[in-house]
Amino acid sequence: MSEVPGPASWRVPLPHTTAAVPIARALVRSALADIEGDEIGAADRDTAELLTAELVANAVEHTAGDGPIELVVELLPAPGGCQIEVHDGRPAAPGRLGGPEPGTPVDPWQEHGRGLLLIRALSSDCGHRPTAHGKAVWFTLPAVPVQRRRSPES
């Protein structure tokens, strides 16, 4: 019986520019591609990339340019999935991450705020927490069942 490894995690500093967005997307895609296996399934890479891009873009836009931004990717143990955090130096909570008030209409054409709407809608859980140097905004995604490849004779 083989032992399933514990969860892996990465903590990567990002530049405080819009260049951080494609860097973060590539890091998340690579991390999730590396862990698919029989025991642990990866989260949906496209969704993870999209939501990560939203968090990183928000951190760049809404924090001072001299503060650090950090990406934390944690792969969850079986049944798998991931939690992704973006740390920034602004202690203020992100707007409306908890969701709109019940009965409040959502305007899909509004200029800002759709990223947090996507995070609430597509993640299995999300939130924020204070850190020693600001805050971390995070989301989790469940594992997607591993697709079995068909053998040539089937």
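In the block above lies the structure referred to throughout.
Everything numeric here is computed off the predicted structure, so don't read it as measured data. (Residues numbered from 1 in each chain as written. Predicted model: local features only at pLDDT ≥ 70, side-chain atom pairs only at ≥ 80, totals over all residues. Heavy atoms only, no water.)

How should I be thinking about helix α2 (residues 45-62) in this particular structure?
An α-helix turns once per 3.6 residues; consequently, residues spaced three or four apart project the same way. Helix length check: α2 (18 residues) gives 26 Å between terminal C-alpha atoms against 26 Å at 1.5 Å per residue, within 8%. Where α2 is buried, its residues contact β1 (9-14), α1 (20-33), β2 (69-75), β3 (82-88), α3 (114-122) and β5 (134-141). (Helix = DSSP H or I, 4+ residues; strand = E, 2+ residues; numbered from the N terminus. Expected span 1.5 Å × (residues − 1). Contact = heavy atoms within 4.5 Å.)

Can you walk me through the nonpolar core in this structure?
Here is a general trend for soluble globular proteins: nonpolar side chains tend to be buried in one another's company. In terms of nonpolar packing, the biggest core is built from 29 residues, with L32, V56, L71, I84 and F139 touching the most fellow members. Contributing elements (two or more residues each) for this core: α1, α2, β2, β3, α3 and β5. When residues of this core are assigned to their parent elements, the largest contribution, 7 residues, is made by α2. In this view, I84 contacts V28, A48, T52, L55, L71, V72, V73, V137, W138 and F139; residues no more than four positions away in its chain are not counted. (Core = buried A, V, L, I, M, F, W, Y, C linked by side-chain atoms within 4.5 Å. Buried < 20%, exposed > 50% of the residue type's maximum accessible area, 1.4 Å probe, protein only.)

How should the pairing of strand β4 (residues 125-131) be read in this particular structure?
Residues in a regular strand point their side chains to alternate faces of the sheet. Here β4 pairs with β5 via 7 bridges, running antiparallel. Residue pairing in the sheet places D125 in a bridge with T140 of β5. Hairpin connection between β4 and β5: a loop of 2 residues separates the two successive antiparallel strands. (Pairing = 2+ DSSP bridges.)

In this structure, what is going on with the side chain of T52? I would like to understand it.
Checked against the element boundaries, T52 lands in helix α2. Among residues more than four places away in sequence, those in contact with T52 are A24, V28, L71, I84 and F139.

Mind showing me how you'd approach the sheet that holds β5 here?
Paired through their backbone hydrogen bonds, the strands of a sheet run either parallel or antiparallel. Strand order in the open sheet formed by 5 strands is β1-β2-β3-β5-β4, and the pairing between neighbours is antiparallel. With partners counted over all chains shown, the strands left at the sheet margins are β1 and β4, one partner each. Here the average twist between neighbouring strands, direction ignored, is 15 degrees. As paired strands, β3 and β5 are joined by 7 bridges and run antiparallel to one another. Bridge pairing links D88 to K135 in β5. Each of β1, β2 and β3 is contacted by α1, which is oriented at about 15 degrees to β2, the strand it contacts most. (Axes fitted to C-alpha atoms, helices over the stretch in contact; angles between N-to-C directions.)

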